[in-house]
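# Examining the three-dimensional arrangement
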Amino acid sequence: MNAAEEVTTRIPGRVETTETSYATTSDLVDALKRAAAAHGEHEARNGGQYDTAWPEWYAAYMVAERHGEKLPE
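In this report, we go over the structure that sits alongside the text. (Residues numbered from 1 in each chain as written. Predicted model: local features only at pLDDT ≥ 70, side-chain atom pairs only at ≥ 80, totals over all residues. Heavy atoms only, no water.)

## Quick notes on the overall build of the protein chain
Along the protein chain, the regular secondary structure elements total 2 helices and 0 strands. Relative to its full complement of 73 residues, the protein chain shows a buried share of 15%. Contacts in the protein chain between residues at least 24 apart in sequence constitute 44% of all its contacts with a sequence separation of at least 6. When the accessible surface of the protein chain is split by element, carbon and sulfur atoms take 52% of a total near 6,000 Å². (Helix = DSSP H or I, 4+ residues; strand = E, 2+ residues; numbered from the N terminus. Buried < 20%, exposed > 50% of the residue type's maximum accessible area, 1.4 Å probe, protein only. Contact = heavy atoms within 4.5 Å. Areas by Shrake-Rupley, 256 points an atom, 1.4 Å probe, with all protein chains shown as cover.)

Below is the structure:
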């Protein structure tokens with residue numbers, strides 16, 4: 001590569017990011033619906049008790065799902 005060339009793409013895996021974003025409102029709505037369904041299963045596994053930490057659970061689920069990581073149970 002000579003000095004005049006510009007790198008415009010990154011090779012996958014070269015940059016680690018913790019940022020999570022959704023391109024559209026529809027994408028975010030869909031992610032929230034998936035998290036809600038999974039959280040319902042989570043509450044059922046835990047005796048049907050209301051989970052007061054549901055916002056934290058949703059956030060952890062949505063970030064893990066977006067980054068292809070292990071989903072919370």
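## Thoughts on the nonpolar core
Of all hydrophobic cores here, the largest spans 7 residues; its members are Ala31, Ala35, Ala38, Trp57, Tyr58, Tyr61 and Met62. Of all elements in the fold, only helix H1 (25-45) and helix H2 (54-67) reach the threshold of two or more residues within this core. Residue contributions to this core peak at 4 residues, all from H2. Here tryptophan 57 is in contact with Ala35, Ala38, His39, His42, Asp51, Pro72 and Glu73, once residues within four sequence places are set aside. (Core = buried A, V, L, I, M, F, W, Y, C linked by side-chain atoms within 4.5 Å.)

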